[in-house]
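Below, each chain spelled out in residue letters.
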There are 2 protein chains.
Amino acid sequence: MNQTQKKAIVLSSGGLDSTTALAIARSENFECFTLSFFYGQRHHHELHAAERISKALGAAKHFVVNVDLGQIGGSALTDDIAVPKNRNTKEISTGIPLTYVPARNTIFLSYALAWAEVLGASDIFIGVNAIDYSGYPDCRPEYIFAFEKMANLALKATVEGRTTIHIRTPLLHMSKAVIIKAGMKLDVDYSITHSCYDPDDAGRACGSCDSCLLRKKGFDEAGVPDPTVYTVQ
Amino acid sequence: MNQTQKKAIVLSSGGLDSTTALAIARSENFECFTLSFFYGQRHHHELHAAERISKALGAAKHFVVNVDLGQIGGSALTDDIAVPKNRNTKEISTGIPLTYVPARNTIFLSYALAWAEVLGASDIFIGVNAIDYSGYPDCRPEYIFAFEKMANLALKATVEGRTTIHIRTPLLHMSKAVIIKAGMKLDVDYSITHSCYDPDDAGRACGSCDSCLLRKKGFDEAGVPDPTVYTVQ
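Small disclaimer: the values here were computed from a predicted structure and weren't measured.

### Section: the overall build of chain A
Right, on to step 1. Secondary structure assignment for chain A yields eight helices and five strands.
Right, on to step 2. When the elements of chain A are put in sequence order from the N terminus, they spell out β-α-β-α-β-α-α-β-α-α-β-α-α.
Right, on to step 3. Taken across its 233 residues, chain A has 50% of its residues classed as buried.
Right, on to step 4. For chain A, the share of sequence-separated contacts (at least 6 apart) that also reach a separation of at least 24 residues comes to 72%.

Here it is, written out as structure tokens:
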């Protein structure tokens, strides 16, 4: 570790987007601290993926926060509501999907903010994008800007003028295909990432949830072979 | 429960301020859902107080969220840093105190936001005040306004136009004495509240941390007998 190296918190879900965001943070020479959340997801495969990605991409530390969202409820990702399945991306219903988790990114970014202040980090990377974003309100640019503004009023470090917090969204205006191409240039091995909302016990992707369909389409449009093992091809 | 009654989330620390905020929410005829946090505090007395206050003031439900802030560190309230003690409020050091917890209110309000959406609540009450506020940046009006703005961009319920989130800070411009007078008018029994940062094993207040000193001064200035049992009078 270089003493003058700037630090960044990178939110890591174990998926394709957050892994690309981590690779971009690293390419900007940040010392990266990865942050993942267990929030009552139905499976642990994405946390295992986040752990191996943090190691593979040389994060200084990987921290998993347990959040009680499962008890609060309100989502197909945490409650006993079926994850919607479709044959292709055209069938993905419009509007905000059932997999929406109330205030998820707000809670995640709030923890990142706390950790940023303790570490003296100025940048928080989050892999949201406003194109293939599945309709979540807390992935939109106006939300991110409002969070950043609030963050700079919330902390001792910002109020005392030692830091300005930057919420970094390098994927915001990229399609899934463009994200994959950016990651390939940075030598990201996408075979170790996990996107599926509803994998089998072995962690194999279902191939038909919104997240799998967007991932497949991305590799297809990028002209890159999809390394994912799907239970249904 | 009245089906047309509006719902509110009330952040409850078990202390004097949040209890007064709860009494005010109730006086406005909200059905109140109280939310408390275990964040690695050195003691559980404030959570016990929050539980008995929720019952005494007729909250519909009291929910305690476990947050991992203790692992993130950075505060005398959660780490192995001595809580500062003084003889009177004039000795309280200026600036942001050691008891500051990084991003605490941001994390707390984020959970409140998630629960508000699930319950269909529009109002979130938080007992911050900008006068006797001990110097925390996330108790200032500009912070609260920025959080509210962000909140209304974050949720499915707000984006779809079903709700507008109001972060309610009825104590914002009240001194501790004015808060106590307001609570007395609403029949709050302050003997069941807990403010001390550093109580003994039996839960008795130390009488010399910032929080105890501000509480004592408040009762004194309000001309109301202080019902608190202090280890040192």
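### With respect to the nonpolar core
Right, on to step 1. In this structure, Ala-112 of chain A together with Ala-112 of chain B are the most contacted members of the largest nonpolar core, which totals 117 residues.
Right, on to step 2. Non-local contacts of Ala-112 of chain B, meaning those with residues more than four positions away in its chain, are made with Ile-9, Leu-11, Leu-35 and Ile-124 of chain B.

### Some words on the sheet that holds strand S3 (residues 61-66) of chain A
Residues and elements named next belong to chain A.
Right, on to step 1. If you walk across this open sheet you meet the five strands as S3-S2-S1-S4-S5, and the pairing is parallel. Strands at the two margins of the open sheet, each flanked by one partner only, are S3 and strand S5 (166-168). On average, each strand axis in the sheet is tilted by 25 degrees relative to the strand beside it, whichever way the strands run.
Right, on to step 2. As judged from the six bridges shared by strand S2 (residues 31-38) and S3, these two strands associate in the parallel manner.

### A look at the sheet that holds strand S1 (residues 7-11) of chain B
Residue and element names in this part refer to chain B.
Right, on to step 1. Read from one edge of the open sheet, five strands run S3-S2-S1-S4-S5, paired in parallel fashion. Across the chains shown, the open sheet's two edge strands, defined by having one partner strand only, are strand S3 (61-66) and strand S5 (166-168). Put simply, the sheet's adjacent strands are angled 25 degrees from each other on average, direction ignored.
Right, on to step 2. Of the strands in this sheet, S1, strand S2 (31-38) and strand S4 (123-125) are in contact with helix H1 (residues 16-27), which crosses S1 at around 170 degrees.
Right, on to step 3. Together, S2 and S3 form the strand contacts of helix H2 (residues 45-56), whose direction differs from that of S2 by roughly 170 degrees.

### As for the environment of Arg-104 of chain A
Residue and element names in this part refer to chain A.
Right, on to step 1. Along the chain, Arg-104 falls in helix H4 (residues 104-119).
Right, on to step 2. Of the residues examined, Arg-104 has 22 C-beta atoms within 10 Å and is grouped as buried.
Right, on to step 3. C-alpha separation for the pair Arg-104 and Tyr-39, spaced 65 residues apart in sequence, amounts to 9.1 Å.

### Quick word on the packing of helix H5 (residues 141-154) of chain A against helix H5 (residues 141-154) of chain B
Right, on to step 1. Between H5 of chain A and H5 of chain B, the shortest axis-to-axis distance is 8 Å and the interhelical angle comes to 160 degrees. Classed by the angle they form, the pair H5 of chain A and H5 of chain B counts as roughly antiparallel. The two elements H5 of chain A and H5 of chain B cross, and the hand of that crossing is left-handed. Between H5 of chain A and H5 of chain B, the contacting residues are Glu-142, Tyr-143, Ala-146, Phe-147, Lys-149, Met-150, Leu-153 and Ala-154 of chain A on the first element and Glu-142, Tyr-143, Ala-146, Phe-147, Lys-149, Met-150, Leu-153 and Ala-154 of chain B on the second.
Right, on to step 2. Classifying every residue of the contact of H5 of chain A with H5 of chain B gives 12 nonpolar, no polar and four charged.

### Here we look at the pairing of S2 of chain B
Residues and elements named next belong to chain B.
Right, on to step 1. For S2, a buried count of six out of eight residues is recorded, marking the element as mostly surrounded by other parts of the structure.
Right, on to step 2. When S1 meets S2, the two strands line up parallel, connected through five bridges. In the sheet register, Val-10 faces S2, and the bridge partner there is Thr-34.
Right, on to step 3. Between S1 and its parallel partner S2, the chain crosses via H1, and the hand of that crossover is right-handed.

### Side note on H5 of chain B
Right, on to step 1. Taking 1.5 Å of rise per residue, 14 residues should cover 20 Å, and H5 of chain B covers 20 Å from first to last C-alpha, within 8% of that figure.
Right, on to step 2. By the burial criterion, the buried members of H5 of chain B are Tyr-143, Ile-144, Ala-146, Phe-147, Met-150, Ala-151, Asn-152, Leu-153 and Ala-154 of chain B.
Right, on to step 3. Buried positions along H5 of chain B lie against H4 and H5 of chain A together with helix H4 (104-119), helix H6 (156-159) and S5 of chain B.

### A look at helix H2 (residues 45-56) of chain A
All names here are of chain A.
Right, on to step 1. The end-to-end C-alpha separation of H2 is 16 Å, in line with the 16 Å expected for 12 residues at 1.5 Å each.
Right, on to step 2. Buried-residue contacts for H2 involve helix H1 (16-27), S2 and S3.
Right, on to step 3. Of the residues one or two after H2, Gly-58 is the one with positive phi, at around 70 degrees.

### Side note on the environment of Leu-153 of chain A
Right, on to step 1. Structurally, Leu-153 of chain A can be placed in helix H5.
Right, on to step 2. Taking the C-alpha atoms as reference points, Leu-153 of chain A and Leu-57 of chain A, separated by 96 residues in sequence, lie 32 Å from one another.
Right, on to step 3. Among all residues touching Leu-153 of chain A, those that are not within four sequence positions of it are Pro-137, Glu-142, Tyr-143 and Ala-146 of chain B.

### Focus: unusual backbone geometry
Residues and elements named next belong to chain A.
Right, on to step 1. Despite not being glycine, Ala-103 has its phi angle at roughly 60 degrees, a positive value.
Right, on to step 2. Looking at the element boundaries, Ala-103 is found in the loop between helix H3 (69-72) and H4.
Right, on to step 3. Ala-103 gets classed as buried once you count the C-beta atoms within 10 Å, which come to 27.

### Description of the packing of H1 of chain A against helix H7 (residues 176-185) of chain A
The relative placement of two packed helices comes down to the angle between their axes together with the axis-to-axis distance.
Residue and element names in this part refer to chain A.
Right, on to step 1. Running from N to C, H1 and H7 point in directions that differ by 40 degrees, and their axes come no closer than 9 Å. Between H1 and H7, the angle falls in the class oblique. Taken as a pair, H1 and H7 cross one another with a handedness that is left-handed. Residue-level inspection shows Leu-16, Asp-17, Thr-19, Thr-20 and Ala-23 of H1 in contact with H7, the latter providing Ile-179, Ala-182 and Gly-183.
Right, on to step 2. Tallied by class, the residues present in the contact of H1 with H7 amount to four nonpolar, three polar and one charged.

### Looking at the confidence of the model for chain A
Right, on to step 1. Averaged over every residue, the pLDDT of chain A is 86; residues scoring 70 or more account for 82%.
Right, on to step 2. In the predicted assembly, ipTM is 0.87 and pTM is 0.88.

### As for the environment of Phe-30 of chain B
Residue and element names in this part refer to chain B.
Right, on to step 1. Among the structural elements, Phe-30 can be located in the loop between H1 and S2.
Right, on to step 2. Considering only alpha carbons, one finds Phe-30 and Arg-162, 132 residues apart in sequence, at a separation of 18 Å.
Right, on to step 3. What Phe-30 contacts, discounting residues up to four positions off in sequence, is Lys-6, Lys-7, Ala-8, Ala-25 and Asp-123.

Definitions and cut-offs
- Residues numbered from 1 in each chain as written.
- Chains lettered and ligands numbered in written order.
- Predicted model: local features only at pLDDT ≥ 70, side-chain atom pairs only at ≥ 80, totals over all residues.
- Helix = DSSP H or I, 4+ residues; strand = E, 2+ residues; numbered from the N terminus.
- Buried ≥ 20, exposed ≤ 12 C-beta atoms within 10 Å, placed from the backbone.
- Contact = placed C-beta atoms within 7 Å.
- Core = buried A, V, L, I, M, F, W, Y, C linked by C-beta atoms within 7 Å.
- Pairing = 2+ DSSP bridges.
- Axes fitted to C-alpha atoms, helices over the stretch in contact; angles between N-to-C directions.
- Parallel < 35°, antiparallel > 145°, perpendicular 65-115°, else oblique.
- Left-handed = near helix turned anticlockwise from the far one by under 90°.
- Nonpolar A, V, L, I, M, F, W, Y, C, P; charged D, E, K, R; others polar.
- Right-handed = clockwise from strand over helix to strand, strands pointing away.
- Expected span 1.5 Å × (residues − 1).
- pLDDT = per-residue confidence, 0-100.

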